[in-house]
Structure formats: structure tokens, C-alpha cells
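Fold and contact review
Here is how the chains run, residue by residue.
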Amino acid sequence: MNRKKIFVWMLALILLVCTACGKEDAAAETTQAAADPNAPLSLTSCTLEASTWSSPNGATVKLTATPSRYTEGDRAAFVVRLEGEEISSAICEWDGSQYTASADLNAADGYCYYVILAEADGTQTEVPVNTPTAPTDEALINLQSALQSYCNILVDSSSYSSGTLKLEEGIVQVQVPQITNNGEAITCQKAELLLKYNGETVDQQEVTLTDSEFPGHFEQSLSGVSFSVPDLEDDQQVTLEAQITLSNGHVLTAPAGTWYSFDGTLQQAVG
């Protein structure tokens, strides 16, 4: 091997060593900066999970949060506010790597969630973890709405001919709970429209609900759905209602309207 090749080989080796050292120094500087005791204390991760109660009156929200650093004597609190008022404040437990705490919250909309980090020297830092201005989980912010399920049905127009009631314009809408104990999504298992006379079902039609653009919201147009109507005398009436069976077994009902018989035809009641 001549001297020129030896020189080139040695130069390449020196550059490789210097580059590796430079990367190690940069990594060390990054680690040192992250562990800098003078840097403001913050959170590197945070999760909020909810479990429902036996009724839709509220839920328990559990916090898991990891601080950017931890020193013996540091503490943290999980604080929940509603319309500026402190609703819940719980001292967090430290398990060696993260803080945990929980809050029992009644159903309401507009909750704000914070973690207050307190260092051993008394310095405190409030970290918003889920608020209307910076949401991470809107269902936990609007807890009441997220726990509720409901069904709405609206019939704008209908027609009647030869014993058949036909819906010309209308819509059925369903909102399912967005918060469940095991996190399993609730869906609409079955949707039926029941035509009733004297409280008894005289005809029924099943409709298929589809997802809307809003989470947990399902809907379907009722245009063209028709029912067979029994012979009625003047002033007798039939009623229509929606019956929705959810995947968790709950059944939702909603009135759709009333039609009364007059002079051989059906008139939809107004109001």
C-alpha cells in the first residue's frame, strides 16, 4: 500500500470518528437539555379515560400523565373545572413513572381538565390537558351530551290513498352514547316505524340507518315509506312512532305524528 492510499485511509477514519463523537455529543446535549432542572416542568404524555356509571348521570374520568422529569418530593393534582368553578381536585399517585388520579363527574357540558405540577421547591405549573379551546377529547368536555342517547323523528308531509299512508318527506335521527365502560362503539341494531291504532301496532316498517358526519349520529330519510291503514270512522286516529334498538340492548322511542280520519281520508294533526 503506497503512502497516498495510507493517508487517505487514515483521513477517512479520523472523519468517521469525529462524526460519531459529534453525534454522541449532540445526543448528550439533548438529554441534558431534557433533564435540565431549570427548564419548566411539563407533561410528555397524558391520557384521559372514562367509565360510565350504572345510569347516564355521570362518569368517572381517570388520568394517566407522565412528567418531563421527576424529583423526590414533586407532587401533582388532577383538577376539573366547570364554568370557572373547581368541581374536582384529586392528589395524584406516583407509581415510579407516571401520575394517576380519577374524578367522579356528574353529567354536564363544558368541563375543563388540568394537571397542576408542584415541584419540591414549591414551584407550580398548571398544564391544560383537555379544554374547549384546546380539546383532546370533546366527549369528555361535553360529558352530558356524550352520555345521552336519543331518537328524533320528523314527518314534514304525507299522503293517503286507498288505505295506504305514504310518507313524502321526513327523517329519523339517532344519537348513541359516545362513552361506554369498555370503549366499545354502540350502534343502531334495528330501527322500526310502528303505525298504531288504539295502542296496538297495525303495521310496521323497518328502515336502515346510516352514519352521519357527526360521531355517534345515525339518520335516514323516510321518503317513500308507506303503511297499510285499517278502516276508520270519522275522528278515529292512527299514530306513528319510531322504535330504535341499540347494540347494547337499550330501546329508544319517539313519536312521529298523528293522523285522524275525516270524510274518507287521513289528515295529519298539526302541533
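Coordinates for the structure precede this section.
Residues numbered from 1 in each chain as written. Predicted model: local features only at pLDDT ≥ 70, side-chain atom pairs only at ≥ 80, totals over all residues. Heavy atoms only, no water.

1. Concerning the overall build of the protein chain
- Helix and strand content of the protein chain: three helices and 18 strands.
- Burial status across the protein chain gives 35% buried among its 271 residues.
- By sequence separation, contacts in the protein chain at least 24 residues apart represent 59% of the contacts at least 6 residues apart.
- Just so you have it, the protein chain exposes about 16,100 Å², and 48% of that area is on carbon and sulfur atoms. (Helix = DSSP H or I, 4+ residues; strand = E, 2+ residues; numbered from the N terminus. Buried < 20%, exposed > 50% of the residue type's maximum accessible area, 1.4 Å probe, protein only. Contact = heavy atoms within 4.5 Å. Areas by Shrake-Rupley, 256 points an atom, 1.4 Å probe, with all protein chains shown as cover.)

2. Describing the pairing of strand β10 (residues 164-175)
- Summarising the sheet, strand β9 (residues 150-161) and β10 pair through eleven bridges and their orientation is antiparallel. Among the inter-strand pairings, Tyr160 is bridged to a residue of β10, identified as Leu165.
- If you look at the hairpin formed by β9 and β10, you'll find two residues sitting between the two strands, and Ser162 has a positive phi there, around 50°.
- In the sheet, β10 pairs with strand β14 (residues 217-221) via five bridges, with the strands oriented antiparallel. Within β14, the residue paired with Val172 across the bridge is Gln220. (Pairing = 2+ DSSP bridges.)

3. With respect to a negative patch on the surface
- Residues Glu233, Asp234, Asp235 and Asp263 make up a contiguous surface patch of negative charge.
- Position of Glu233 among the secondary structure elements: in the loop between β15 (226-228) and β16 (237-246). (Patch = residues over 30% accessible without salt bridge, like charges linked within 9 Å, V, L, I, M, F, W, Y side chains within 5 Å. Salt bridge = Lys/Arg side-chain N within 4 Å of Asp/Glu carboxyl O. Lys, Arg positive; Asp, Glu negative; His and termini not counted. Charge placed at Lys NZ, Arg CZ, Asp CG, Glu CD.)

4. Describing the sheet that holds β16
- Spatially, β12-β11-β16-β17-β18 is the arrangement adopted by the five strands of the open sheet, whose pairing is antiparallel. In the strand order of this sheet, the two ends are held by β12 (200-206) and β18 (265-268), each with one partner. The mean inter-strand angle of the sheet, taken between neighbouring strand axes irrespective of direction, is 30°. (Axes fitted to C-alpha atoms, helices over the stretch in contact; angles between N-to-C directions.)

5. Focus: the sheet that holds strand β6 (residues 99-106)
- The sheet built from four strands is open, its strands ordered β1-β2-β6-β5 with antiparallel pairing. At either end of the open sheet lies a strand with only one pairing partner, and these are β1 (43-52) and β5 (93-94).
- In this structure, β5 lies alongside β6, joined through two bridges in antiparallel fashion. Within the sheet, the bridge partner assigned to Trp94 lies in β6 and is Tyr99.

6. Notes on the packing of aromatic side chains
- Taken as a whole and assessed by the stated rule, the structure comprises five aromatic pairs.
- Consider the rings of Phe78 and Tyr113, whose centres lie 6.3 Å apart with planes at 20°: the pair is stacked. Pair noted here: Phe78 is in strand β3 (residues 75-82) and Tyr113 is in strand β7 (residues 111-118), with a separation of 35 residues, a long-range link.
- Look at Tyr113 and you get buried, because its relative accessible area is 0%.
- Taken together, Tyr70, Trp94 and Tyr99 form an aromatic cluster joined through their ring pairs.
- When the ring centre of Tyr114 is taken as origin, the NZ or CZ atom of Arg81, which lies over that ring, is 4.5 Å away. (Phe/Tyr/Trp six-rings, centres within 6.5 Å; stacked < 30°, edge-to-face > 60°. Lys NZ or Arg CZ within 6 Å of the ring centre and 35° of its normal.)

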